Amino acid sequence: MSLVVMKFGGTSVEDPAAIGRTAAIVAGRVAKGKSPVVVVSAMAKVTDQLLRAGASAATGDRTGALAISSRLRSRHRDTATALVSEAAVIAPLLAKIDEEFDALDEVLRGLAAILELTPRISDLIVSFGERLSSRIVAAAFREKGINAAHVDSREVVITDAQFQKAVPQDEIIEKKAEEKLRPLLNAGQVPVMGGFIASNEDGITTTLGRGGSDFSGALIGGALTAEAIEIWTDVDGIMTADPRVCPDALRVRTISFEEAAELAYFGAKVLHPATILPAVKKNIPVYVLNSRNASCEGTRIISMAPHCKSPFKSISVKKRLTIIDVVASRMLMSHGYMSQIFAIFDKHQCPVDMVSTSEVSVSLTVDSTDKLPAIADDLRHLADVKYEGKKALVCMVGEDIRGQNGIAAQVFNAVKHVNVRMISQGASEINMSFMIEESDAEEAVRSLHAAFFQEPDPNVFDVEARKTIA
Ligand code: ADP
Ligand code: ASP
Ligand code: MG
């Protein structure tokens, strides 16, 4: 059986036209003899709106929260009605949509009374996005002749109980996938599931973090040892930079797991940072593809990418970072200082992205979180502490950067007009990154892109597309 997991993002299921395109893509795979498992995100922007509804309810704005829910109810009902005409299907589908929204409204009313939004309740509220989209997509697929079966992902993707960033339990997921998905596939059916949502071992709804549907797709692909994991989105693949920032960005034809993971971790929103892990474990190729341009071959992510003559493959930016400066002159020549500092970040479960040290001072960068005052208080027991937000990390990823003479000079020459606060080179062979003000980030990416992608290697980048645009 040629099993392929196909994950469709929010824009690929945003309205009846998008769901129609998605159905055609899946039908095309089935016609070629493939057995797809389909994983869908919530319809575009729905997760944000659900979070807003939750936040409004938690501040006591019951009417505002219910108004958001009511607009979402209409959008989902209208989408279902536009896609499904068979009376025996649409009536129960609309009833199911109403049942889900009635349940959501109950939660919002309760929240407006309690006025406390816990991570657990937040996960419950956002879960409605994928619960609804997956039902509608499954029904639309059936209407279009695909033998689709809706599966509640919360019965397959089992995680720990860390709400909002739950950690998947791989062995249980493998077992559940065999139990719940394999029989459907063996019977020639196409399972359709919501991404992002999961449950803990007690059956309480959890989520995998924002953008987590990619991760769901990869987890299912890994659990079933799929032949490929396809991430269908609204761009032609992994590009040399975010095309919203650099409209002349080029598609990268092939990239390594390692490079893609680095890009995803350092801000390339096209992939959730954890997507690559399950694929690496079983050496499953991941493809990033465009549901609006299905004939484009996209980006192939594999363990060993072919040699690239250009120094870099892509530039990403991670925003909303904070620099923390820790200065302790009394630590001069002493040891154990770093481990004490890191123990504090560990205690607050706060990952550190970049570190730069001198004899008595250490600068670290972390995501801007509300834990910062508490972290700073703990650090002050050791040293003087200053922290400053609104920073961005620019990350340049390519093959063997460490081995290329003069590369740092070229990079910093390209951004000589920008104030660089911290630099990291050499920690990884494939990544060179530096920290700047968030407000300089876009300009810096455009300057770097102009400097490094003038003559891109045609074996690795889709230079034909650039010629067509020109
Ligand atoms: P989906 O809803 O399909 O998961 P996302 O919005 O999460 O889609 O991710 C796709 C977006 O990622 C693109 O529209 C693009 O703006 C952004 N992006 C950022 N960096 C890159 C990159 N290097 N290559 C392609 N897209 C990128
Ligand atoms: N719907 C979720 C989000 O917007 C998950 C995803 O789209 O991947 O974050
Ligand atoms: Mg995404």
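Residues numbered from 1 in each chain as written. Chains lettered and ligands numbered in written order. Predicted model: local features only at pLDDT ≥ 70, side-chain atom pairs only at ≥ 80, totals over all residues. Heavy atoms only, no water.

Brief notes about the sheet that holds strand β7 (residues 205–207)
Stated precisely, the cut-off is as follows: Here, any two strands with at least 2 DSSP bridges between them count as paired. Starting at the N terminus, helices and strands are each numbered in turn, a helix being any DSSP run of H or I of at least four residues and a strand any DSSP run of E of at least two. Working rule for contacts: check all heavy atoms of both residues, and any pair within 4.5 Å makes them a contact. Here the axes come from fitting lines to C-alpha atoms, over the contacting stretch only for helices, and the angles between their N-to-C directions go from 0 to 180 degrees.
Read across the open sheet, the three strands follow the order β4-β6-β7; overall the sheet is mixed. The sheet terminates laterally at β4 (158–159) and β7, the two strands that pair on one side only. With two bridges joining them, β4 and strand β6 (residues 197–200) adopt parallel strand pairing. Along β6, the bridge assignment pairs Thr159 with Asn200. Across the sheet, helix α5 (residues 119–143) is in contact with β6 and β7; its angle to β7 comes to roughly 80°.

A word on the site of ligand 2
The line we're drawing: To be near a molecule or strand, a residue needs just one of its heavy atoms within 4 Å of it. Counting of polar contacts relies on pairs of N or O atoms within 3.5 Å, with two restrictions inside protein: one atom must be capable of donating a hydrogen and the other of accepting it, and residues adjacent in sequence are counted only when both atoms are side-chain atoms. To be clear on the numbers: accessible area is Shrake-Rupley with a 1.4 Å probe, and residue cover counts the displayed protein chains and nothing else.
With respect to spatial proximity, the complete set of residues near ligand 2 consists of Ser41, Thr47, Glu130, Phe196, Arg210, Gly211, Gly212 and Ser213. A distance of 3.1 Å is found between an oxygen atom of ligand 2 and a side-chain nitrogen or oxygen belonging to Ser41. Within the backbone of Ser213, one N or O atom sits 3.0 Å away from an oxygen atom of ligand 2. Notes on ligand 2: free accessible area 270 Å², of which the protein chains cover 85%.

Some points on the sheet that holds strand β1 (residues 2–8)
If you trace the eight strands from one edge of the open sheet to the other, you get β3-β5-β2-β1-β8-β10-β11-β9, paired in mixed fashion. Looking at strand neighbours, the two that pair on one side only are β3 (148–151) and β9 (254–256), the edges of this open sheet. With direction set aside, neighbouring strand axes in the sheet form an average angle of 25°. When strand β10 (residues 286–290) meets strand β11 (residues 299–302), the two strands line up antiparallel, connected through three bridges. Paired with Val288 across the two strands is Thr299, which belongs to β11. Across the face of the sheet, α5 comes into contact with β2 (34–40), β3 and β5 (190–194) while running at roughly 165° to β3.

Let's talk about the site of ligand 1
Stated precisely, the cut-off is as follows: Residue polarity follows a fixed list, in which Ala, Val, Leu, Ile, Met, Phe, Trp, Tyr, Cys and Pro are nonpolar, Asp, Glu, Lys and Arg are charged, and the others, Gly among them, are polar.
Taken together, 18 residues sit near ligand 1, with Thr233, Met239, Asp242, Arg244 and Lys269 positioned nearest. For ligand 1, an oxygen atom lies 3.1 Å from a polar atom in the side chain of Lys7. The separation between an oxygen atom of ligand 1 and a polar side-chain atom of Arg244 is 2.8 Å. Relative to its unbound accessible area of 570 Å², ligand 1 is 90% covered by the protein chains. Classifying every residue of the shell around ligand 1 gives eight nonpolar, five polar and five charged.

Digging into the packing of helix α3 (residues 62–83) against α5
To be explicit about the condition: Throughout, the term roughly parallel applies to angles under 35 degrees, roughly antiparallel to angles over 145, roughly perpendicular to angles from 65 to 115, and oblique to all others.
Two elements in contact, α3 and α5, have axes separated by 9 Å at closest approach and are oriented at 10°. Viewed along their axes, α3 and α5 adopt a mutual orientation that is roughly parallel. Contacts between α3 and α5 involve His76, Thr79, Ala80 and Leu83 from the former and Leu132, Ile136, Ala140 and Glu143 from the latter. The class makeup of the residues in the contact of α3 with α5 is five nonpolar, two polar and one charged.

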